[in-house]
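# Architecture and fold: a report
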Amino acid sequence: MPLDNIPSNPAHRAKAWKLALLGGSMLIAGLHTVAHAQDAAPSPAADEVVVVTGFKKSYADAVRSKKQNIEITDGISSDGLGRFPDLNVGEALQRIPGVQINREAEGRNATINLRGMPGSYARTTLNGVAFAAPPSLANDQGSPLGAFNSDIFSAFVIEKSPMANAQSGGLSGNVDMQIAPALSRTEGGMVKVSAEYNELGGSVAPAMTIGYNKRLSSDLAVFATLAYKKEDFRRDTLRYNGYSRLTPGLTGLSKADFATTYGQYYSASPCPSSGSFCRSLADVLGTSAYNSSATGTKGNTGVYALDAIRQYTRENKGDLVTATAGLEWKPNDNTKMGIIGYYSDRDLPKTTQYFLINAVWDGAGTITPSGTPAQMSDGRWLYETATYNNFPAKSSTRLYSQHQQAQGFVANLDWSNDLWKVNFVVAGSKGSNSSLETELDLQTNPVSGGSNGISGTLTTGFGELDGFAYSVTPTPQNQVFNNGWTWQGANGDPEGYLRSNGLYYLNISGSESFADQTVTSAQVDIERTLDFGPVTAIKGGLRLEKNQFESHGFRNMAYGAQLQNITSDMLHTPSFVGDFMNGDARISQNWQVIDAERFIDAVTPVDVYQGGGLTTRGFNILYRDGAFADNNYETQNALSQAYIQVKYDTEVLGHRLRGNIGTRYEATDNTIDSLDVIRPFTGVAGSLSDFKWQRIENKYHYWLPSAIFALDLKDDLMLRGAYYKTYVRPQDRQFSPVTRIGERLINSQQTTPNMSVYDASVRIGNNKLQPYLADSVDVSLEWYNRPGGLLALAYFRKVITGRIVGTSDPAILCPSDGSTWGFGPLSWDGQYCTATSLGTSTSTTRIYASGNYNLDRETTVEGWEFNIQQNLDFLPGFWKNFGGNFNYAYTDSKSPAIAPFPGISKHTANLIGYYETPKFGIRAVYNYRTDYPLNANGTYTGGARSVKARGQLDLSASYNLTDRFALSLDAYNVTNEKRYEYENDLRVVRWIDYDGRSVTLTLRGTF
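The next thing to look at is the overall build of the protein chain. Counting secondary structure elements, the protein chain contains nine helices and 53 strands. For 1007 residues, the compact-globule estimate of 2.2 N^0.38 gives 30 Å, and the C-alpha radius of gyration of the protein chain, at 31 Å, lies within 12% of that figure. C-alpha atoms of the protein chain, sized along the principal axes, occupy 90 × 60 × 60 Å. Out of the 1007 residues in the protein chain, the part that is buried amounts to 56%. Within the protein chain, contacts between residues separated by at least 24 positions form 72% of all contacts whose residues are at least 6 apart in sequence. When the accessible surface of the protein chain is split by element, carbon and sulfur atoms take 55% of a total near 40,700 Å².

This part is about the sheet that holds strand E7 (residues 173-178). Read from one edge to the other, the open sheet built from five strands follows the order E1-E6-E7-E4-E5, with strand pairing classed as mixed. Only two strands of the sheet have a single partner each, and these edge strands are strand E1 (73-77) and strand E5 (129-130).

Once that is clear, we can look at a nonpolar patch on the surface. Taken together, the side chains of Phe 920, Ile 922, Tyr 959, Leu 961, Phe 965, Leu 967, Leu 969, Leu 1001 and Leu 1003 present a nonpolar region at the surface, about 760 Å² in accessible area. Contributing elements (two or more residues each) for the nonpolar patch: strand E46 (920-929), strand E50 (965-972) and strand E53 (998-1006). Examining the composition of the nonpolar patch, we find that three residues originate from one element, E50, more than from any other. On the secondary structure map, Leu 1003 appears in strand E53. Note on Leu 1003: relative accessible area 35%, which makes it partly exposed.

The side-chain alternation of strand E14 (residues 366-370) yields one buried face, formed by Ile 367 and Pro 369, and one unburied face, formed by Thr 366, Thr 368 and Ser 370. As defined by bridge partners, E14 adjoins strand E17 (residues 385-389) across five bridges and the pair is classed as antiparallel. Among the inter-strand pairings, Pro 369 is bridged to a residue of E17, identified as Ala 386.

Looking now at the sheet that holds strand E21 (residues 469-473). Backbone hydrogen bonds hold the strands of a sheet together, and the pairing may be parallel or antiparallel. Pairing within the open sheet is antiparallel, and its four strands lie in the order E14-E17-E20-E21. Among the strands making up the open sheet, the edge pair consists of E14 and E21. Ignoring which end each strand starts from, the neighbouring axes of this sheet average 15° apart. Looking at chain direction, strand E20 (residues 455-459) and E21 are connected through five bridges and run antiparallel. Its bridge partner being in E21, Thr 457 is matched across the sheet by Ser 471.

The residue Pro 181 is located in the loop between E7 and strand E8 (188-198) in this model. If we skip the residues at most four places from it in the chain, Pro 181 touches Phe 223, Glu 328 and Ile 340.

Along the chain, Thr 475 connects to Pro 476 via a cis peptide bond; the corresponding omega equals -5°. As for its placement among the helices and strands, Pro 476 is situated in the loop between E21 and strand E22 (485-487). Of the consecutive residues Thr 604 and Pro 605, the connecting peptide bond is found in the cis state with omega at 0°. Secondary-structure assignment places Pro 605 in the loop between helix H7 (596-603) and strand E29 (620-621). Of note, the phi angle at Arg 108 is positive, near 50°, even though the residue is not glycine. Within the secondary structure layout, Arg 108 lies in the loop between strand E2 (99-101) and strand E3 (112-114).

Before going further, it helps to spend a moment on the nonpolar core. Leu 238, Tyr 240, Leu 246, Tyr 266, Phe 468 and Trp 591 are the most contacted members of the largest nonpolar core, which totals 52 residues. For this core, the element with the most residues is strand E11 (residues 303-332), which contributes five residues. Ignoring sequence-local partners within four residues, the contact set of Leu 238 consists of Arg 310, Gln 311, Leu 465, Phe 468, Phe 580, Met 581, Ala 585, Ile 587, Arg 990, Trp 991 and Ile 992. Listed in part, the 34 residues of the second largest apolar core include Leu 114, Val 129, Ile 340 and Ala 427.

Scanning the model with the defined rule gives two disulfides in all. Each bonded cysteine of the protein chain is numbered by sequence order, and under that numbering the disulfide pairs are 1-2, 3-4.

As a further point, take the packing of aromatic side chains. Summed over the entire model, instances satisfying the criterion amount to 38 aromatic pairs. Relative to Tyr 915, the ring of Phe 878 lies with its centre 5.0 Å away and its plane at 35°, an arrangement referred to as tilted. Highlighted residues: Phe 878 in the loop between strand E43 (859-871) and strand E44 (882-894) and Tyr 915 in strand E45 (residues 907-916), separated in sequence by 37 residues. Taken together, Phe 514, Phe 554, Tyr 623, Phe 628, Phe 681 and Phe 691 form an aromatic cluster joined through their ring pairs. For the cation-ring pair, Lys 948 lies above Tyr 980, with the distance from its terminal atom to the ring centre recorded as 4.4 Å.

All right, on to the pattern of salt bridges then. Taken as a whole and assessed by the stated rule, the structure comprises 51 salt bridges. Taking the shortest distance from any N to any O, the salt bridge between Glu 196 and Lys 229 comes out at 3.6 Å. With Glu 196 in strand E8 and Lys 229 in strand E10 (residues 220-245), this residue pair connects regions lying 33 residues apart in the sequence. Across the pair Glu 495 and Arg 555 runs a salt bridge, and its minimum N-O distance is 2.9 Å. Separated by 60 residues along the polypeptide, Glu 495 in the loop between E22 and strand E23 (496-499) and Arg 555 in strand E26 (residues 535-557) bring together distant segments of the chain. Accessibility classification places Glu 495 together with Arg 555 in one group, the buried group. Through salt bridges with shared partners, a single ionic network connects Lys 66, Asp 74, Arg 115, Lys 160, Arg 720, Asp 778, Glu 782 and Glu 865.

Moving on, we come to helix H5 (residues 255-262). Restricting attention to buried positions, one finds in H5 the residues Phe 258, Ala 259 and Tyr 262. Considered in projection along H5, the buried side chains sweep an arc of 100° and stay on one side of the axis. Looking at the packing, one finds that the buried side of H5 touches helix H4 (248-251), helix H6 (281-285), E11 and E14.

Following the sequence through the fold, Thr 604 ends up in the loop between H7 and E29. Within polar-contact distance, the side chain of Thr 604 engages the backbone oxygen of Ile 600 at 2.6 Å. Every residue in contact with Thr 604, bar those within four places of it in the chain, is listed here: Arg 617, Gly 618 and Phe 619.

Our next topic: the pairing of strand E32 (residues 691-714). In this structure, strand E31 (residues 655-677) lies alongside E32, joined through 21 bridges in antiparallel fashion. Paired with Asp 669 across the two strands is Lys 699, which belongs to E32. Here E32 pairs with strand E33 (residues 717-728) via eight bridges, running antiparallel. Note that in E33 the partner of Asp 712 across the bridge is Met 718. In this structure, the hairpin formed by E32 and E33 is closed by a connection of two residues.

What follows concerns the confidence of the model for the protein chain. The share of residues in the protein chain with pLDDT of 70 or more is 92%, and the mean pLDDT across the chain is 88. Low confidence marks residues 1-52, where pLDDT is under 50. Its contacts with residues over four positions away, or in another chain, come to 57 contacts.

Attention shifts here to H7. Within an α-helix, residues lying three or four positions from one another point in the same direction, as the helix has 3.6 residues per turn. Every buried residue of H7 is accounted for by Ala 596, Phe 599, Ile 600, Ala 602 and Val 603. One face of H7 carries all of its buried residues, which in axial projection span an arc of 165°.

Take Gly 560: it is sitting in the loop between E26 and strand E27 (571-572). Along the primary structure Gly 560 and Ile 101 are separated by 459 residues, whereas in three dimensions their C-alpha atoms are 44 Å apart.

Cut-offs and rules
- Residues numbered from 1 in each chain as written.
- Predicted model: local features only at pLDDT ≥ 70, side-chain atom pairs only at ≥ 80, totals over all residues.
- Heavy atoms only, no water.
- Helix = DSSP H or I, 4+ residues; strand = E, 2+ residues; numbered from the N terminus.
- Rg over C-alpha atoms; globule rule 2.2 N^0.38 Å.
- Buried < 20%, exposed > 50% of the residue type's maximum accessible area, 1.4 Å probe, protein only.
- Contact = heavy atoms within 4.5 Å.
- Areas by Shrake-Rupley, 256 points an atom, 1.4 Å probe, with all protein chains shown as cover.
- Pairing = 2+ DSSP bridges.
- Patch = residues over 30% accessible without salt bridge, like charges linked within 9 Å, V, L, I, M, F, W, Y side chains within 5 Å.
- Salt bridge = Lys/Arg side-chain N within 4 Å of Asp/Glu carboxyl O.
- Axes fitted to C-alpha atoms, helices over the stretch in contact; angles between N-to-C directions.
- Core = buried A, V, L, I, M, F, W, Y, C linked by side-chain atoms within 4.5 Å.
- Disulfide = S-S within 2.5 Å.
- Phe/Tyr/Trp six-rings, centres within 6.5 Å; stacked < 30°, edge-to-face > 60°.
- Lys NZ or Arg CZ within 6 Å of the ring centre and 35° of its normal.
- Arc of directions from axis to C-beta.
- Polar contact = N/O pair within 3.5 Å; in protein donor to acceptor, adjacent residues only side chain to side chain.
- pLDDT = per-residue confidence, 0-100.

Spelled out as structure tokens, the structure:
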């Protein structure tokens, strides 16, 4: 793709080009000064040792590691003072070419994309070994790296071309989190005390780390590190959940008045059946009688206005405790053994989400636009300002406790002599992740044929936060009562209560989600040195792994709550109303929230519903909800793995050529035990009798060839190339194996006097999904122009087959035998999937199935990565303290139209500059990412949308008070950037996230 695919907005295009020009200028200046300095400056003595710490050490170590590795890698390492100067691991990793942080992930979970692909396409390892990180509870986001304190790690290495001896499963690459063994550590201790200040909300969160490395003898060492961090931060968000095309029902106008007011924006003639936003006036009104000469004179798409707004604040509160310890012993020159253990517990029990949700739909409120609509780039006409009346007005409070844990060990025994190297590794780990949501909603309902007394006026700002304005009357918008409520289970709403007049509604719901993973493994690697022509060694290994995953999930329902115990003061105006988005958004101040903990304590214990069970929070389980049907299952993968690879080292036309060629064989026995749905749910809540446990067994195996070479064109110029095949197993939580069967319901819109049409839905489980594979090619040209310096250009291409995608295509999901769905034989007539045995001359039943399947067409992801890094310590005087890095990545994907690949920014760049002396150092980092598409994700986020291009500036400074104590100050998002999502046109804003600035002050000491 050409660079003119940078976003069309002139400001963003200018920013992108400025960044590119600045990076290019840095490259030219660096090469120019290098050339002159190498001619003028004497070379250091061969035995001269230059010791660097801080930023220089971190970047120099990464370059050294990249050059030494035979594989194509990039990484970051600790700065020598026991820190990664970034807010979290994900923020640090995004400085690496090809890595993008997912800022849509809430709670600073620090998930990343690697080479544009979702986080689940990467494999996260610990010291090169598979381990159980806290499982992700969200689709495609991969391991939440925010579950660990980075202080326990020594380095993070992105292995972009994993070879036969590496852990498989990293289709986009492997992310190796490294904890240095005891004997490689410098003896002594360190202590760190810090405080994080978040400008949004004015919170201060302390943190402390202490570590000690001790050599008990020259051959025996131990170490331990303990890190604690308080988490107290907030995110404010505006969610523009939908834009509706105006109709007489939405506007409250008669057909004649609607035609007069808006007819000029609707087509005068019938529209195509699909493929455009066209809508005829006759279709909207149900008759062509109101067509006039003005109909369609300004457009044919209709005119739109925002129909739903959510003001949203999430407060994250809790603690992160992370520890590691290890022992290493070298009893003789040939033998070394050691063990490293780790533990991390991130507990956020008081995390709470607050919403003000006001929406209008046909029959529930009216929209009265004002001003003149503007035409969007997709042809639609959109009003910026509208007044809303008699709409459902809701305040929602959701106690959203989060808990992530990980623990485990890696033990190794190494033996070697002049000819043999033998390595034994045994590892065990467990990771868990839980989310407990209790949703409490107060809503004032619309009144049919009248008014509920609520009105509001909203200006979207057309994508500019400064232009947003919203107000609602009267005050308070919502109220809470302790009497007069009637449970609505008999009316098909087991989560709700209504007061006798139907005006006030109370919802008690929420989903609880639990995931646990256990990984145990044992492996042996044996290498034999050879002198057989170009072959220098042959290496092979065996590995056994057992990977167990357990998923549980529940949905609360409202039955049996002791509502007589609630009090009016449980509803209050929160403090964040006054400083929402630091005052940058003119939100409705008429926003009250429920004290969730007090409310839950007051209404529990509940009366148990008809022999059912209770959720963790003590509410009745709603068995028929997807949170139960989707999430109760167990999977187990027993892996047998073997590999062999040949190392070679030779000369070609006077140039050294080295590398390896190998293959890896993996066989997997997969077992799934799922609490599967066996019939349409019974009763208002469903019951356990609607499910039964079933076991599914799958087997698959793969040969995974690989080859890599490194050609020394010169002493400092290297060409690398790699080919490898790898695969990714279906993600345990991303694709539920449980089949969910919906009820058979009348379709009132399609039913006629002569034919009754019934609809039923089936969500098909993924218990027969196969892994998806990729053939990958990498090429990298690297110039190590001086110590600590690097210029590199890399190209990669991945061809993915069997990619798992979602579909609702009845041609794929309409089995003739009806499967076990309970509707009998099925047939597809080219338009509908029909239940044959349920059909009569006067009725028909249509089955709408959805599910995941292995795509039978290829997806290609390819791109370029450029990286320049220079320490300018060869320059004289003041200039020798400068250094910097510029990296840029271009990524493109080609996928079938039915399965687009979301989440890929075509252009990402980092510009890093620093100045460092033995006494102090400063660093500036600017990260930029162009726009990228997202998947639609239901009512919570709205339809398909894209994320606007975004840049962020971070600053770091450190000062060495003495030889043992250093003070540092790190500032993040200095330019106070927001995160925007939009639909087709930047003015059709869908989402604005506001995190604000954060500052961390840290005192470090060594002893």
